[in-house]
Amino acid sequence: MWIRERLAAISSVGHRPPGIDRQILALAVPALGALVAEPLFVLVDSAVVGHLGTAPLAGLALASTILMTVIGLCVFLAYATTAAVARRLGAGDRTGALQVGVDGMWLALGLGLVLAAATWLSAPWLIGALGASDEVAQQAVTYLRWSAPGLPGMLLVLASTGALRGLLDTRTPLVVAATGAVVNAVLNVVLVYGAGMGIAGSGLGTALTQLGMAVALTVVVVHGARGSGAQLRPAAGGIWANARAGTPLFVRTLSLRLAILLTVWVATGLGAVELAGHQVVAAVWGLAAFALDALAIAAQALVGHALGAADVPRVRALLRRTLQWGVGAGAALGLLVGGLSWVYVPLFTTADDVRAAAVAALVVAAVTMPMAGWVFVLDGVLIGAGDGRFLAWAGMATLVVYVPFALAVREAAPPGAAGLAWLWAAFAGVFMLARAVTTGWRARGTAWMVTGA
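Residues numbered from 1 in each chain as written. Predicted model: local features only at pLDDT ≥ 70, side-chain atom pairs only at ≥ 80, totals over all residues. Heavy atoms only, no water.

**Concerning the overall build of the chain**
Scanning the chain from N- to C-terminus turns up 18 helices and 0 strands. Rg of the C-alpha trace for the chain: 21 Å, near the compact-globule value of 22 Å for 453 residues, within the 12% margin. Taken along its principal axes, the extent of the C-alpha atoms in the chain is 60 × 45 × 35 Å. Each of the 453 residues in the chain was classed as buried or not, and the buried ones make up 57%. (Helix = DSSP H or I, 4+ residues; strand = E, 2+ residues; numbered from the N terminus. Rg over C-alpha atoms; globule rule 2.2 N^0.38 Å. Buried < 20%, exposed > 50% of the residue type's maximum accessible area, 1.4 Å probe, protein only.)

Below you can see the structure in the form of structure tokens.
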């Protein structure tokens, strides 16, 4: 009954839309919960594993980077689905919108099963390619193999969340993500310390939580699809259409993940202390970035809906207002991340040298967060408009700009806190600035404003 009432409310969106600020917040605030699910898992894992020692925490840094890379490369399952579903809904085709969502979930399940098997089998090679010491590599492989079975669940979470966002429902993913975060924290403590599994327990707890979240969201989407008359069986044409639409976003995300992998490789070369500190900074940055991305999710859904309804003036108004929200939210988060770093960093590690390195890098990252808010919102606007091809080319161009700066840090940066600070100046400064310039230039034009379903 709840889902039918929710879908009935969704079908009326666009007739008498509320103010832009209210619509942005109504979508962005609940979307925050779903977006931070995976970074929260990494934060909890980091806090629990960090008290096992420096080697387990450094191992978690490598393993979680690989997992986040796999999941990040598949984020098109959410983003492409959100844009396509929102356009169909804006054009008045609710059944077609839900059909796109169902097809995306079948694609997610198939990809998840393949990637889980591949990750488990190739874990030693993947970790070895990052150049870790034997002790750190052993911890990383253990975590990676125990967490790999959760990949089908996490990809289903992406696809089903994308479908619900496109239907302008961000509250359901919020409930599921919040529940998952609590369950993950409890399972990690119980399995790591209670059952004595060490880092393996952290990976298993995260995998079980991801699978449970996938089941919950799948039930919601299936219920809605049945109520609207959409088919539940897999359709080859629909699955292929989802894969084709997501390919440019895959390339765009690949450029981001390669930049992150390069950053981890540089941190690994700086030393175990710097790598452990980088894990703390990356976990906090991930949480803040996904918080800012909640505004991008609102922009995706609202811009897609407005373009589907051929309402170009509203698209422009959404662009201006979401950018204002993005920069403002980035400034607020920067104050929290940098100003309180000395308070929360000790929660992750007891090693003084790791703490010092993490705090220094977090201050550098905090300064760039207003720019990050600008970048993430523009990403969301262009994704909602279906401008994936431009984002793919721009992503690769920004990666080319970042590479020499990252290599220079590995070659010439001093050890300890200063080295990690320089690394984050390159990533959060140079790389994000390149993204801000390319997406800002595109948004000034009109080529991305294609109307209709």
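Following the structure, the description resumes.
**Some thoughts on the packing of aromatic side chains**
With the rule as written, the count across this model stands at 8 aromatic pairs. A ring pair is formed by Trp285 and Phe427, whose centres lie 6.1 Å apart and whose planes are at 70 degrees; its orientation type is edge-to-face. Of this pair, Trp285 sits in helix α12 (residues 272-308) while Phe427 sits in helix α18 (residues 417-443), and the two are 142 residues apart along the sequence. Across the pair, exposure class does not vary: Trp285 and Phe427 are buried alike. Consider the rings of Tyr402 and Phe431, whose centres lie 5.4 Å apart with planes at 50 degrees: the pair is tilted. In this pair, Tyr402 is assigned in helix α17 (residues 388-412) and Phe431 in helix α18, connecting sequence segments 29 residues apart. A residue is classified by how much of its surface remains accessible, and Tyr402, at 0% relative accessible area, is buried. By the ring-pair criterion, three or more aromatic residues cluster together here, those being Trp285, Tyr402, Trp424, Phe427 and Phe431. Stacked on the ring of Trp120, the Lys or Arg Arg145 has its end atom at 4.2 Å from the ring centre. Between the NZ or CZ atom of Arg410 and the centre of the ring of Trp265, over which it lies, the distance is 3.7 Å. (Phe/Tyr/Trp six-rings, centres within 6.5 Å; stacked < 30°, edge-to-face > 60°. Lys NZ or Arg CZ within 6 Å of the ring centre and 35° of its normal.)

**Some thoughts on the packing of helix α4 (residues 54-73) against α12**
With their axes 8 Å apart at the nearest point, α4 and α12 run at an angle of 45 degrees to one another. Here α4 is positioned oblique relative to α12, judged by the angle of their axes. Seen from above, α4 lies across α12 with left-handed handedness. Mapping the contact onto sequence places Thr54, Leu57, Ala58, Leu60, Ala61, Leu62, Ser64 and Met68 in α4 and Ala272, Leu275, Ala276, Gln279 and Phe290 in α12. For the contact of α4 with α12, a count of residues per class yields 10 nonpolar, 3 polar and no charged. (Axes fitted to C-alpha atoms, helices over the stretch in contact; angles between N-to-C directions. Parallel < 35°, antiparallel > 145°, perpendicular 65-115°, else oblique. Left-handed = near helix turned anticlockwise from the far one by under 90°. Contact = heavy atoms within 4.5 Å. Nonpolar A, V, L, I, M, F, W, Y, C, P; charged D, E, K, R; others polar.)

**Quick notes on the nonpolar core**
Of all hydrophobic cores here, the largest spans 140 residues; its most connected members are Leu77, Trp285, Tyr402, Trp424 and Trp448. Take this core: its biggest share by element is 20 residues, from α12. The residues contacting Trp424, other than those within four sequence positions of it, are His278, Val281, Ala282, Trp285, Ala361, Val364, Ala365 and Gly429. (Core = buried A, V, L, I, M, F, W, Y, C linked by side-chain atoms within 4.5 Å.)

**As for α12**
Relative to the 54 Å expected for 37 residues at 1.5 Å per residue, α12 spans 51 Å between its end C-alpha atoms, a close match to the ideal helical length. At Ala294, α12 shows its largest kink, close to 25 degrees. With respect to burial, α12 is a largely interior element, 31 of its 37 residues being buried. Following α12 by one or two positions, Ala310 adopts a phi angle in the positive range, close to 60 degrees. (Expected span 1.5 Å × (residues − 1). Bend = angle between axes of the 7 residues up to and from the residue.)

**Here we look at the confidence of the model for the chain**
Scored by pLDDT, the chain has a mean of 83; 91% of the residues are at 70 or more. The spread of mean pLDDT over the elements of the chain runs between helix α1 (residues 2-11), the lowest at 42, and α17, the highest at 91. The low-confidence segment residues 1-17, where pLDDT is below 50, has 24 contacts with residues more than four positions distant or belonging to other chains. (pLDDT = per-residue confidence, 0-100.)

**A short note on the pattern of salt bridges**
When their charged atoms lie close together, side chains carrying opposite charge are able to pair. Within the structure shown, the criterion is met by 4 salt bridges. Arg321 serves as the salt-bridge partner of Asp21, at 2.6 Å between the closest nitrogen and oxygen. With Asp21 in helix α2 (residues 20-35) and Arg321 in helix α13 (residues 312-339), this pair connects stretches of sequence that are 300 residues apart. Classification of Arg321 by relative accessible area gives partly exposed; the value is 31%. The partner of Asp387 in a salt bridge is Arg442, and the shortest N-O contact between them spans 2.8 Å. Remark: Arg442 occurs in helix α18 and Asp387 occurs in the loop between α16 (369-384) and α17; sequence separation between them is 55 residues. The residues Asp387 and Arg442 share a single accessibility class, namely buried. Each of Arg252, Asp379 and Arg435 takes part in one network of salt bridges that share partners. (Salt bridge = Lys/Arg side-chain N within 4 Å of Asp/Glu carboxyl O.)

**Section: a nonpolar patch on the surface**
On the surface, Leu336, Leu340, Trp342 and Val343 cluster together into a nonpolar patch covering about 440 Å² of accessible area. For Leu336, the location among the structural elements is in helix α13. (Patch = residues over 30% accessible without salt bridge, like charges linked within 9 Å, V, L, I, M, F, W, Y side chains within 5 Å. Areas by Shrake-Rupley, 256 points an atom, 1.4 Å probe, with all protein chains shown as cover.)

**Digging into the side chain of Thr81**
Structurally, Thr81 is set in helix α5 (residues 76-90). For Thr81, a relative accessible area of 2% translates into the label buried. From its side chain, Thr81 meets the backbone oxygen of Leu77 in a polar contact 2.6 Å long. (Polar contact = N/O pair within 3.5 Å; in protein donor to acceptor, adjacent residues only side chain to side chain.)

**Some words on the environment of Gly205**
With respect to the helices and strands, Gly205 occurs in helix α10 (residues 199-228). Separated by 186 residues in the primary sequence, Gly205 and Gly19 place their C-alpha atoms 42 Å from one another.

**What about the side chain of Asp169?**
Among the secondary structure elements, Asp169 is positioned in the loop between α8 (151-166) and α9 (171-194). Of note is the side chain of Asp169, whose polar atom sits 3.1 Å from the backbone nitrogen of Arg171.

**What to know about the environment of Gly92**
Considering the arrangement of structural elements, one finds Gly92 in the loop between α5 and α6 (94-129). The class for Gly92 is exposed, based on a relative accessible area of 65%. C-alpha of Gly92 to C-alpha of Ala413: the two residues are 321 residues apart in sequence and 56 Å apart in space.

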